[in-house]
Amino acid sequence: MNDAAVRLGYLAETVRLLYPGSGSPRAYTVLPHAAVPRRLAPRRWWHVGAEVVVPVEGSIAAHLSEVFHRPVETVLHVRPALRANRKPILEARSGGRRLAFVKIGDSARARALITAEAAALRRLAGLSLDTVAAPAVLHHGDWRGLSVLALSPLPVRRRRRVPRPLLLAAVREIAGTGGPRPAWHGDFAPWNICPSRDGRLLVWDWERYEVGVPYGFDAVHHFFQRALRRMEPRVAARACVARSVRTLAPLGLSAAAARQTALRYLIALADRHAADGHAPLGPPESWLSPVVDHEELLT
């Protein structure tokens, strides 16, 4: 089954879950939009003038209207197929203004991640951060057996490349939120960060935040995720270790410590995938073991 088919199938399940009473999938459709890939919503003659009716009573939109004490409209985002952390993401809007991004925990794994993110953001809210700007928790509760986490939208207007000094300052500040035990964001990837107009770094998706990890994990993760865009996993993992000294030297790590940190990061990432029951990079034997074996030969 291809990506589009999986997404549409998941969309049908999600609409029935969040908008009970909508009946069969014929009660809604996916219309062409600039933000919707053509493979999901190719243009058809019957899109012209067609109405999309989704019942509001008893729906997640009605629940959010109660939460925010105003009429709320929702826009459902369809995430990439077969992701371990896939969950429904909604935009809550009122009067043409975006109120929040809302994550729905529709599985045990998604509920755990949402709970972790809420705890992480509440922890950050109690700290004085100069470089990093994170969303605020507007609501965290349950609805019809689902977890609901509403987060304040960050003022992202246009994606821009993050200057390296700002990136490193954010890594240092996030690490410092753990106190004597370094912390990391957990998914400090290019698509989860953006420089703001006031010189800070906007950072979202804190589901994987963790305290008590080697200093520099976020910097290594950022390098590795960028490398995966242009290299196969085995090559990217090798580059991750080979470039670790250059990546982590500005953070004060020695060459030996940098290489060790990169290896521990790759192992931690493989452990995460195993815990999620998902192997987006393939089996560890294909991309991790060759790198670890190579490093062992050098010591």
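Keep in mind it's a predicted model, so treat the numbers as computed, not measured.

**Q** Summarise the pairing of strand S3 (residues 97-105); cite the residues concerned and give the values.
**A** On a regular strand, each side chain points to the face opposite its neighbour's, so the side chains alternate between the two faces of the sheet. Taken together, the 6 bridges between strand S2 (residues 89-94) and S3 define a ladder with antiparallel strand orientation. Looking at the pairing, Ala 92 lines up with Ala 100 of S3. Between the antiparallel neighbours S2 and S3 lie 2 residues, among them Gly 95 with a positive phi of about 60°. Looking at chain direction, S3 and strand S6 (residues 146-151) are connected through 5 bridges and run antiparallel. For Val 102, the partnering residue across the bridge sits in S6 and is Ala 150.

**Q** Please set out the sheet that holds S3 residue by residue, giving values where relevant.
**A** Read across the sheet, 5 strands follow the order S1-S2-S3-S6-S5 without closing on themselves; strand pairing throughout is antiparallel. At either end of the open sheet lies a strand with only one pairing partner, and these are strand S1 (73-77) and strand S5 (137-143). Averaged over all pairs of adjacent strands, the angle between their axes in this sheet comes to 25°, without regard to strand direction. As judged from the 5 bridges shared by S1 and S2, these two strands associate in the antiparallel manner. Paired with Glu 73 across the strands is Arg 93, a residue of S2. This element, helix H2 (residues 60-68), spans S1, S2, S3, S5 and S6 of the sheet and lies at about 135° to S5.

**Q** Now, about helix H5 (residues 217-227): what can you tell me, with residues and values included?
**A** Summarising burial for H5: 10 of the 11 residues are buried, a large majority. Every buried residue of H5 is accounted for by Phe 217, Asp 218, Ala 219, Val 220, His 221, His 222, Phe 223, Phe 224, Gln 225 and Ala 227.

**Q** Let's hear about the side chain of Ser 147: which residues, and what values?
**A** Along the chain, Ser 147 falls in strand S6. For Ser 147, the contacting residues outside a window of four places in its chain are Lys 103, Ile 104, Gly 105, Arg 111, Ile 114, Gly 141 and Asp 142.

**Q** Residues and numbers for the nonpolar core, please.
**A** Within soluble globular proteins, side chains that are nonpolar tend to cluster in buried spots. Ranked by internal contacts, the top residues of the largest apolar core, which has 49 residues, are Phe 188, Trp 206, Phe 224, Tyr 265 and Leu 266. Mapped onto this core, the elements with two or more residues apiece are helix H3 (108-125), S6, helix H4 (164-176), strand S7 (183-184), strand S9 (201-203), H5, helix H6 (233-242) and helix H8 (255-276). In terms of residue count, H8 provides more of this core than any other element does, 7 residues in total. Setting aside its immediate chain neighbours within four residues, Trp 206 contacts Glu 117, Ala 120, Leu 121, Leu 124, Val 132, Ala 134, Pro 135, Ile 174 and His 185.

**Q** Pulling in residues and values, what's your account of empty space enclosed by the protein?
**A** Within this structure, the stated rule accounts for 1 cavity of 30 Å³ or more. Here the largest cavity is characterised by a volume of approximately 30 Å³. Val 171, Ala 175, Pro 182, Ala 183, Trp 184, Pro 214, Tyr 215, Gly 216, Phe 217 and Asp 218 together form the lining of the largest cavity. At the level of secondary structure, the elements contributing two or more residues to the lining of the largest cavity comprise H4, S7 and H5. Residues belonging to the lining of the largest cavity are distributed by class as follows: 8 nonpolar, 1 polar and 1 charged.

**Q** Tell me about the pattern of salt bridges, and name the residues and values.
**A** Throughout the structure, instances matching the rule amount to 10 salt bridges. Salt-bridge contacts for Glu 91 lead to Arg 93; the nearest nitrogen and oxygen are separated by 2.9 Å. Glu 117 serves as the salt-bridge partner of Lys 103, at 2.7 Å between the closest nitrogen and oxygen. Residue Lys 103 is located in strand S3, and its partner Glu 117 is located in helix H3; the two are separated by 14 residues in the primary sequence. Lys 103 sits in the buried class, given a relative accessible area of 7%. In this structure Glu 117 comes out as buried when scored by relative accessible area, which is 0%.

Rules behind the numbers
For every chain, the first residue of the written sequence is number 1, and numbering continues from 1 onward in sequence order. With pLDDT at 70 or above as the cut-off, local features in this predicted model cover only qualifying residues; side-chain atom pairs require 80 or more to be listed or tallied, and sums for whole chains, interfaces and linings still use all residues. The basis for the side-chain values is all heavy atoms of the structure; hydrogens and waters are excluded. In this description, strands pair whenever DSSP reports at least two bridges between them. Numbering of helices and strands starts at the N terminus; helices are DSSP runs of H or I of at least 4 residues and strands are runs of E of at least 2. In this analysis, axes come from line fits to C-alpha atoms, helices being fitted only over the stretch in contact, and the angle between any two N-to-C directions falls in the range 0 to 180 degrees. The contact definition used throughout considers only heavy atoms, calling two residues in contact when any of these lie within 4.5 Å. Burial status follows relative accessibility: with a 1.4 Å probe on protein chains alone, a residue under 20% of its type maximum counts as buried, one over 50% as exposed, and anything between as partly exposed. We call a set of buried Ala, Val, Leu, Ile, Met, Phe, Trp, Tyr and Cys residues a nonpolar core when their side-chain atoms join them within 4.5 Å. The pocket and cavity definitions rest on a 1 Å grid over protein atoms only: a 1.4 Å probe that fits but cannot leave marks a cavity, an open set with protein on both sides within 12 Å along at least five of seven lines marks a pocket, and residues lining either have an atom within 4 Å of a point. Grid points are joined across faces, edges and corners, and a volume is the space filled by probe spheres set on the points. Side-chain classes follow a simple rule in which Ala, Val, Leu, Ile, Met, Phe, Trp, Tyr, Cys and Pro form the nonpolar group, Asp, Glu, Lys and Arg form the charged group, and the remainder, Gly included, forms the polar group. Put simply, a salt bridge is a Lys or Arg side-chain nitrogen that is within 4 Å of an Asp or Glu carboxyl oxygen.

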